[in-house]
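Secondary and tertiary structure notes
Residues per chain are reported as follows:
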Amino acid sequence: KLKLNFDRVEYKKLYDRHIFFFKNREIFKTEFTLYSFPTIGKRSIKEGIVIDSLDDIAANKFFSLFDRNEIKDKIDLYFLFKNGFSIKKLRRITEKKFDFIIDAISTGNTLARCLKADFTAVKLIKPINKEEWEEIFTVQIKSLIGNFLI
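About the cut-offs
Residues numbered from 1 in each chain as written. Predicted model: local features only at pLDDT ≥ 70, side-chain atom pairs only at ≥ 80, totals over all residues. Heavy atoms only, no water. Helix = DSSP H or I, 4+ residues; strand = E, 2+ residues; numbered from the N terminus. Buried < 20%, exposed > 50% of the residue type's maximum accessible area, 1.4 Å probe, protein only. Contact = heavy atoms within 4.5 Å. Areas by Shrake-Rupley, 256 points an atom, 1.4 Å probe, with all protein chains shown as cover. Lys, Arg positive; Asp, Glu negative; His and termini not counted. Charge placed at Lys NZ, Arg CZ, Asp CG, Glu CD. Salt bridge = Lys/Arg side-chain N within 4 Å of Asp/Glu carboxyl O. Phe/Tyr/Trp six-rings, centres within 6.5 Å; stacked < 30°, edge-to-face > 60°. Pairing = 2+ DSSP bridges. Expected span 1.5 Å × (residues − 1). Axes fitted to C-alpha atoms, helices over the stretch in contact; angles between N-to-C directions.

Details of the overall build of the protein chain
When helices and strands are counted, the protein chain shows five helices and five strands. Principal-axis analysis of the C-alpha atoms gives the protein chain an extent of 55 × 35 × 25 Å. When burial is assessed residue by residue, the protein chain has 32% of its 150 residues classed as buried. Sequence separation of at least 24 residues holds for 51% of the intrachain contacts in the protein chain that already meet a minimum separation of 6. Taken as a whole, the protein chain presents about 10500 Å² of accessible surface, with 57% of it coming from carbon and sulfur. Positive and negative charge centroids in the protein chain, built from 29 and 21 side chains respectively, lie 3 Å apart.

Thoughts on the pattern of salt bridges
For the structure shown, the criterion picks out 14 salt bridges. Its salt-bridge partner being Glu 10, residue Arg 8 comes within 3.0 Å of it at the nearest N-O pair. A salt bridge links Arg 43 to Asp 52; its shortest N-O distance comes to 2.6 Å. Ionic contacts of the salt-bridge type, sharing partners, join the residues Arg 17, Glu 31, Glu 70 and Lys 72 into one network.

Notes on the packing of aromatic side chains
One pass over the structure, following the stated rule, counts twelve aromatic pairs. Between Phe 63 and Phe 98, the ring centres sit 4.0 Å apart and the planes meet at 10°, which makes this aromatic pair stacked. Taken together, the residues Phe 63 in helix 1 (residues 54-65) and Phe 98 in helix 3 (residues 87-98) connect sequence positions 35 residues apart. We classify Phe 63 as partly exposed; its relative accessible area is 24%. Taken together through their ring pairs, the aromatic side chains of Tyr 78, Phe 79, Phe 81, Phe 119, Trp 133 and Phe 137 make up a single cluster.

Let's talk about the pairing of strand 2 (residues 17-23)
Counting buried residues along strand 2, five of its seven residues qualify, which places the element largely inside the surrounding structure. In terms of strand pairing, strand 1 (residues 8-14) meets strand 2 through seven bridges, oriented antiparallel. Note that in strand 2 the partner of Lys 13 across the bridge is His 18. Where strand 1 folds back onto strand 2 in an antiparallel hairpin, the turn is made up of two residues, including Tyr 15, whose phi is positive at roughly 55°. Of the pairings in the sheet, the one linking strand 2 to strand 3 (residues 27-33) comprises seven bridges and is antiparallel in character. Of the residues in strand 3, the one forming a bridge with Phe 22 is Phe 28. Connecting the antiparallel pair strand 2 and strand 3 is a turn made up of three residues.

A closer look at helix 2 (residues 71-82)
With twelve residues, helix 2 should reach 16 Å at 1.5 Å per residue; the first-to-last C-alpha distance of 16 Å fits that figure. Of the positions making up helix 2, those classed as buried are Ile 71, Asp 73, Lys 74, Ile 75, Leu 77, Tyr 78, Leu 80 and Phe 81. Packing partners of the buried residues in helix 2 comprise helix 1, helix 3, helix 4 (104-115) and helix 5 (130-142).

A few points about the sheet that holds strand 2
Taken in spatial order, the three strands of this open sheet run 1-2-3, and their pairing is antiparallel. Whereas interior strands pair on both sides, the edge strands pair on one side only; in this sheet they are strand 1 and strand 3. Within this sheet the neighbouring strands show an average axis-to-axis angle of 20°, counted without direction.

Shown next as structure tokens:
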């Protein structure tokens with residue numbers, strides 16, 4: 001807490017989530033979750049902290065969108081798309097990790113919920129252009145066309 005220049009640190013546990021609040025004039029929130037599923041990539045260790053591979057983090061994040069509808073997950077997904085991930089890859093690695101089939105209709109519905117994002121409740125480190133946001137999610141939704149069985 002001193003090294004990071006925060007006055008206090010608070011900890012809360014919510015189900016499988018370990019949430020830390022670092023406080024001074026502002027609040028920095030971070031959380032850790034341990035999934036009891038096998039990893040799909042190689043973990044690394046930095047300063048004594050075990051870190052999942054980017055594919056594992058992406059699969060965890062994508063899977064969480066089906067369970068909850070939080071802005072932080074939508075923002076993370078946006079940056080994954082912006083940095084080269086596709087919905088096809090996210091579905092593939094998530095299905096591999098969780099041994100769970102993610103159908104195109106559920107995926108499209110989940111992505112459509114992301115189009116309606118309200119950023120007022122979060123402080124963004126990197127700015128998000130709303131038009132770019134909508135374009136990125138629309139492109140991913142459209143890429144699902146042809147994956148629907150009728």
